[in-house]
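# Structure assessment
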Amino acid sequence: MSRLYFTYKGRFTLQDFLNLLVTVFLFMAFMNFVTRNYYWLFFAFAFFAITPKRTVMLNFSVLFLLILGVSMLIFDPSSRNSVTNILKPFVFFMAYTIGTGLVSDVDDGQAAALRVEKIIYTCALGFFAHYLLNFISNAGSLQRNTIDFWTNEILSATGQASLACICVAVAIADLFSNTTIKRRITAVVLLIVVIAYNLILAGRTLLLLIAILFLFALTFRSIYYKKTAIKSVLVTIVLLTILLVLYNLDVFNIKSTIEESNFYLRFFGKGGFDITEDPRFEYKQLYLEHLWEYPFGGLHIRTMYSHYAHDLYLDTYDQYGVVVFMATVAYIISSIIRLIKALRHPMLSFRTKQLVLCIYVLLNIQFWLEPVMAGMPFLLVAYCLIDGVMSRFLANQSRYAYASGGDV
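Residues numbered from 1 in each chain as written. Predicted model: local features only at pLDDT ≥ 70, side-chain atom pairs only at ≥ 80, totals over all residues. Heavy atoms only, no water.

As a further point, take the overall build of the protein. Counting its regular elements, the protein contains 21 helices and zero strands. Counting the 408 residues in the protein, one finds 51% classified as buried. In the protein, 70% of the contacts between residues at least 6 apart in sequence involve partners at least 24 apart. For the protein, the accessible area works out to roughly 19500 Å², and carbon and sulfur atoms hold 68% of it. (Helix = DSSP H or I, 4+ residues; strand = E, 2+ residues; numbered from the N terminus. Buried < 20%, exposed > 50% of the residue type's maximum accessible area, 1.4 Å probe, protein only. Contact = heavy atoms within 4.5 Å. Areas by Shrake-Rupley, 256 points an atom, 1.4 Å probe, with all protein chains shown as cover.)

This brings us to the packing of aromatic side chains. For any pair of aromatic rings, the description consists of the separation of the ring centres together with the inter-plane angle of the planes. Counting across every chain of the model gives 32 aromatic pairs. Seen from their ring centres, Phe25 and Trp40 are 5.9 Å apart, and the 20 degrees between their planes marks the pair as stacked. Residue Phe25 is located in helix H2 (residues 14-31), and its partner Trp40 is located in helix H3 (residues 37-49); the two are separated by 15 residues in the primary sequence. Judged by relative accessible area, Phe25 falls into the buried class, the value being 12%. Residue Trp40 is classed as buried on the basis of its relative accessible area, which comes to 14%. Looking at Lys88, its charged tip hangs above the ring of Tyr38, at a distance of 4.6 Å from the centre. (Phe/Tyr/Trp six-rings, centres within 6.5 Å; stacked < 30°, edge-to-face > 60°. Lys NZ or Arg CZ within 6 Å of the ring centre and 35° of its normal.)

A word on the packing of helix H11 (residues 205-224) against helix H19 (residues 350-367). Think of two packed helices as two axes; the pair is described by the angle between the axes and how far apart they sit. Closest axis-to-axis distance for the H11/H19 pair is 10 Å, and the angle between their directions is 145 degrees. Once H11 is placed against H19, the crossing between them reads as right-handed. Contact residues: H11 offers Thr205, Leu209, Ile212, Leu213, Phe216, Ala217, Phe220, Arg221 and Tyr224, while H19 offers Phe350, Lys353, Gln354, Leu357, Cys358, Val361, Leu362, Ile365 and Gln366. (Axes fitted to C-alpha atoms, helices over the stretch in contact; angles between N-to-C directions. Left-handed = near helix turned anticlockwise from the far one by under 90°.)

Once that is clear, we can look at unusual backbone geometry. A positive phi angle, near 45 degrees, is found at Val34, a position not held by glycine. Topologically, Val34 is positioned in the loop between H2 and H3. The backbone of Thr35 shows a phi angle near 60 degrees, a positive value even though the residue is not glycine. With respect to the helices and strands, the residue Thr35 is situated in the loop between H2 and H3. When its relative accessible area of 26% is taken as the criterion, Thr35 is described as partly exposed.

Okay, helix H9 (residues 165-175) next. Among the eleven residues in H9, ten count as buried, and that is most of the element. Residues of H9 that are buried: Cys165, Ile166, Cys167, Val168, Ala169, Val170, Ala171, Ile172, Ala173 and Asp174.

Now for the pattern of salt bridges. What the rule picks out here adds up to four salt bridges. Between Asp311 and Lys284 there is a salt bridge; the shortest N-O distance is 3.1 Å. One end of the pair, Asp311, is in the loop between helix H16 (300-305) and helix H17 (312-320); the other, Lys284, is in helix H15 (residues 280-289), and 27 residues separate them in sequence. Across the pair, exposure class does not vary: Asp311 and Lys284 are buried alike. The residue Arg338 makes a salt bridge to Asp387 at a minimum N-O spacing of 2.6 Å. (Salt bridge = Lys/Arg side-chain N within 4 Å of Asp/Glu carboxyl O.)

Attention shifts here to the packing of H3 against helix H6 (residues 91-102). Where H3 meets H6, the axes come as close as 10 Å, and the angle between the chain directions of the two elements is 40 degrees. One finds that H3 runs oblique with respect to H6. Relative to H6, the crossing made by H3 is left-handed. Taken together, the residues of H6 that come into contact with H3 (itself represented by Tyr38, Leu41, Phe42, Ala44, Phe45 and Phe48) are Val91, Phe93, Met94, Thr97, Ile98, Gly101 and Leu102. For the contact of H3 with H6, the class distribution of residues is eleven nonpolar, two polar and no charged. (Parallel < 35°, antiparallel > 145°, perpendicular 65-115°, else oblique. Nonpolar A, V, L, I, M, F, W, Y, C, P; charged D, E, K, R; others polar.)

The next subject is empty space enclosed by the protein. Throughout the structure, instances matching the rule amount to one cavity of 30 Å³ or more. Taken as a whole, the largest cavity holds about 30 Å³ of empty space. What lines the largest cavity is Leu65, Leu68, Thr328, Tyr331, Ile332, Leu380 and Cys384. Elements supplying a minimum of two residues to the lining of the largest cavity: helix H4 (60-75), helix H18 (322-343) and helix H21 (377-404). For the lining of the largest cavity, the element with the most residues is H18, which contributes three residues. When its residues are assigned to classes, the lining of the largest cavity shows six nonpolar, one polar and no charged. (1 Å grid on protein atoms, 1.4 Å probe; cavity = no way out; pocket = protein on both sides within 12 Å on 5 of 7 lines; lining within 4 Å. Points joined across faces, edges and corners; volume = space filled by probe spheres on them.)

What follows covers H18. Along its 22 residues, H18 runs 32 Å from first to last C-alpha, staying within 8% of the 32 Å computed at 1.5 Å per residue. Considered for burial, the residues of H18 that qualify are Val324, Ala327, Thr328, Tyr331, Ile332, Ser334, Ser335, Arg338, Leu339 and Ala342. The arc enclosing the buried residues of H18, seen along the axis, measures out at 165 degrees, which places them on a common side. Turned more than 90 degrees off the buried face of H18, the exposed positions are Met326 and Lys341. (Expected span 1.5 Å × (residues − 1). Arc of directions from axis to C-beta.)

Moving on to the side chain of Thr122. One can find Thr122 in helix H7 (residues 109-137). If we skip the residues at most four places from it in the chain, Thr122 touches Thr23, Leu26 and Phe27.

Looking at the largest pocket, its volume works out to about 1700 Å³. Along the wall of the largest pocket there are 36 residues; nearest its centre are Leu191, Phe214, Leu239, Leu240 and Leu243. The set of elements that each furnish at least two residues to the lining of the largest pocket consists of helix H10 (181-201), H11, helix H12 (229-248) and helix H13 (254-259). Of the residues belonging to the lining of the largest pocket, the class tally is 27 nonpolar, six polar and three charged.

Turning our attention to a nonpolar patch on the surface. Taken together, the side chains of Phe60, Leu63, Ile67 and Val323 present a nonpolar region at the surface, about 360 Å² in accessible area. It is H4 that contributes the most residues to the nonpolar patch, three residues altogether. Counting through the fold element by element, Phe60 comes out in helix H4. (Patch = residues over 30% accessible without salt bridge, like charges linked within 9 Å, V, L, I, M, F, W, Y side chains within 5 Å.)

By themselves, these figures tell us nothing about what the structure is for.
Right under this line is the structure:
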């Protein structure tokens, strides 16, 4: 972490110290340390705000997130019953603003790109630390809805799987990037840990996301390095074949462990569920049928069917109404435009582009699969933080290019 905040100036300053504090508080927020994730984010924003010479961006994304926060405050009465609840709707704005400020003092494009990566790793490690603590405390559990380490209460399997999303994106990006053997081994170990706990959680979503991201990362690498496309495909096929052989031979008890897991018993055991069936799509359809009946939120559709739509957009519409829905859609569209710009940016290495692509793709897919606002709001907080960093990076590089008369 010292490389991130100190070496580009060559000396330790007050701004460096406050940046470090902000990063530590962000890590603790994503870890949900002692169940106070909102408080840690508030602390991060407070120390961010008092940092000398701090600059932030004012753009349409900031406006969208402010509209989102104000509208949540207006249309959700429960958000006005305490100071903490009043601040909670603005955590997405806070995260995006922190992101735009954490690279504002870095002039060098490569140093700024390095900081982008480090902030992504902060998010990933925070979530993964929580996921790992849950894995350790629930090892061998026969129930898929296991006990959360911090709250000592049952946390849904889908909610726990969401904790691993950003870590999965980082691991797969490293596997399909030009990086060291050590980093690739670390990525494989992380994926093994994620999958091992998912066998207890017995969820399909995380495995599906891993498979989809493998395809995205492989495709992007093949497009970027046209000459190595065939090689990448062949290496992937060989590795998958080796894994299949190891599974069939039950090397290291891989097959036995999987076939005795909650996941296998849930979908392939006697009387198990059909792995291809998913009622979430039926609930989405029901929500769409009643969408225009309740434009001001109020959870009417959820009350009617006793189920979430499992969708950031539809669940947000049902809870908060059309204004929050439109602000959310507008913000996500603007973030995807930034992703496209980042993938075309000459100052970003292929590894950084692969990392950013995997993060944005995986989280946006997750937004279509889970009730993020209600179940895992800090997944969207992390997205806003990372997107804020990318937004400032792109703006800075464009400004420097314009000043020097070059193109970016």
